[in-house]
Amino acid sequence: MSGGLAVAVRELARLPEVWRAPKKSSAELEQRALAGLNAMLAHCHQHIQAYAGPEYKVPLSSVGELAALPLLTKRDVLDAGVDSFRTPGLPSSQYRVDVTSGTTGTKLEVWHDADAYGYHGATVLRRFLLSGYRPWWRIAHIKPFPRPVRWFQRLGLFPRTVVGAGQSDEEIKNQVLAVRPQLIMGYPVVLRGLLRSLTPAESVRLKRTLRMVMTDSELLTDEVAELLADGFGVPVLDEYSAYEVLTVSSQCRAGAMHVDDDRVWLEIVDADGQAVPDGTEGSVVVTHYRERAMPLIRYALGDRAVLLPPGCACGSNLRRMKLVDGRTNDFVVLPGGRRVYSGVFLSLAMFTPGVAECMVRQDEAGAITVHLVPDVAAGVGFEEAVAEFRRRFGELVDTPVELTFVQTDRVALTPGGKGRFVESAYGG
Ligand SMILES: [Zn+2]
């Protein structure tokens, strides 16, 4: 999914433009996004079956007009057939294939053309360089799959050792320590496990070299970010991405999640697909407007977020966003219809003595089971931890809810390796 000469050449060619983009004014960034959207829409309407309808025959006169077009979900794409979203006749050398990890139960084979991938690669380099990372820092990247070696790594830059996320906490810890990393990258759930398994002496050893932690792919709540920053003693920078549109936003040194406005157009919408005002929570809708192989126009990612007004201490004029709560479908429904999102359970797990992690499952009949991973170091018994968790949950939701507790030794990871904290099969 990365590497390859065609992409490398484009990454380098795009780098100067990508590097300058955050310094452009908000108005210019928006104008450029509008031009990018219009170029993509013209291509889509002319070449791609799914966009042959008259509603797509538009030059937009403002980015806001994008909201007049229909929303698209993964289900819609699968039902209509993925081929109808692809540019026909594209030689296989001109695109790369990504398969979504299927956290929502359905896999989607997404195509990204070399141009779109190259521009994205340049924005990833921008993310690293703006974060304060130095290109010679050793990286321990905890990942479920091995990663291909990139062209710049052959030059000795961004030296990375991949540590398999599927191993035991002990094995992960030993391999990370052996790297003597300046940067550790991984999912929050795995990084929390790493923190728990470090002895005080090992923690000291790790901190001698460690300068930064980067998290990805899973909701990082403020509490978890704080826990990781305290535990590792270094800044923790998050990013937000999806296979369908690649990176949406990444965190700067000033702590803001900046949207890649020069590659994707992000909308935060209400239940009717209409934009909500800045600062108001809604659903994430993304259009990767540089994509030509398989453009997904107004693609609903299923996450909840707010857009924040422009302006950041780091000097970037790229828009800022903040994820809240978790994926739109990561919730359980209480009697009376109230939804409780994964962020609530993550916080509960963190602040309840004796609890390291939790996973919540709701069955078709609505019964809720909480799988608790005990925090052995806290010296609190399982029954005691359960009672406290139950009490705090009752306080939070303020309504009687029947919970069943089960003891487990680790959070189930999805095929993509993320922690899947909340899952509900309950429709009502
Ligand atoms: Zn910033």
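Predicted model only: the values in this text are computed from it and were never measured. (Residues numbered from 1 in each chain as written. Predicted model: local features only at pLDDT ≥ 70, side-chain atom pairs only at ≥ 80, totals over all residues.)

1. Considering the nonpolar core
Then, number 1: Leu37, Val245, Val248, Leu266 and Val286 are the most contacted members of the largest nonpolar core, which has 56 residues in total.
Then, number 2: Among residues more than four places away in sequence, those in contact with Leu37 are Leu60, Val63, Leu66, Trp265, Thr287 and Tyr289.
Then, number 3: Counting 50 residues, the second-largest nonpolar core is a separate cluster that includes Leu206, Met214, Phe232 and Leu372. (Core = buried A, V, L, I, M, F, W, Y, C linked by C-beta atoms within 7 Å. Buried ≥ 20, exposed ≤ 12 C-beta atoms within 10 Å, placed from the backbone. Contact = placed C-beta atoms within 7 Å.)

2. A look at the domain arrangement of the chain
As a measure of interface size, the accessible area lost when the parts come together is often cited.
Then, number 1: As assigned here, the chain comprises domain 1 (5–122 + 240–327) and domain 2 (331–424).
Then, number 2: Between the C-alpha centres of domain 1 and domain 2 there is a distance of 33 Å. (Domains from an automatic or database assignment.)

3. Here we look at the sheet that holds strand E16 (residues 355–362)
Then, number 1: In space, the four strands of this open sheet follow the order E18-E17-E16-E19, with mixed pairing throughout. Looking at strand neighbours, the two that pair on one side only are strand E18 (403–407) and strand E19 (422–424), the edges of this open sheet. Neighbour-to-neighbour, the strand axes of this sheet turn through a mean angle of 20°, independent of strand direction.
Then, number 2: Two strands pair when backbone bridges link them, and strand E17 (residues 368–374) and E18 are joined in this way by five bridges, in the parallel orientation. Within E18, the residue paired with Val370 across the bridge is Phe405.
Then, number 3: Together, E16, E17 and E18 form the strand contacts of helix H11 (residues 382–397), whose direction differs from that of E17 by roughly 130°. (Pairing = 2+ DSSP bridges. Helix = DSSP H or I, 4+ residues; strand = E, 2+ residues; numbered from the N terminus. Axes fitted to C-alpha atoms, helices over the stretch in contact; angles between N-to-C directions.)

4. What about the pairing of strand E10 (residues 264–269)?
Then, number 1: Here E10 lies mainly inside the structure; five of its six residues are buried.
Then, number 2: With six bridges connecting them, E10 and strand E11 (residues 282–288) associate as antiparallel partners. Residue pairing for E11: Glu267 is matched across the bridge by Val285.

5. Some remarks on the packing of helix H9 (residues 222–232) against helix H10 (residues 342–351)
Then, number 1: Put simply, H9 and H10 touch, their axes get as near as 9 Å, and they point 40° apart. Classed by the angle they form, the pair H9 and H10 counts as oblique. Taken together, the residues of H10 that come into contact with H9 (itself represented by Glu223, Val224 and Leu227) are Leu346, Ser347 and Met350.
Then, number 2: Partitioned by chemical class, the residues of the contact of H9 with H10 number four nonpolar, one polar and one charged. (Parallel < 35°, antiparallel > 145°, perpendicular 65-115°, else oblique. Nonpolar A, V, L, I, M, F, W, Y, C, P; charged D, E, K, R; others polar.)

6. Here's the deal with helix H4 (residues 114–131)
Think of an α-helix as 3.6 residues a turn; residues three or four steps apart then line up on the same face.
Then, number 1: Taking 1.5 Å per residue, 18 residues should reach 26 Å; H4 reaches 26 Å between its end C-alpha atoms and fits that length.
Then, number 2: Buried residues dominate H4, accounting for 13 of its 18 residues. (Expected span 1.5 Å × (residues − 1).)

7. As for the pairing of strand E8 (residues 246–251)
Then, number 1: Summarising burial for E8: five of the six residues are buried, a large majority.
Then, number 2: Here strand E7 (residues 236–242) folds back onto E8 in antiparallel fashion, the turn holding three residues.
Then, number 3: Strand direction decides the pairing type here: E8 and strand E9 (residues 257–259), joined by three bridges, are antiparallel. From the neighbouring strand, Ser250 faces E9, where its bridge partner is His258.
Then, number 4: The loop that links E8 with its antiparallel partner E9 comprises five residues; one of these, Gly255, has a positive phi angle of about 95°.

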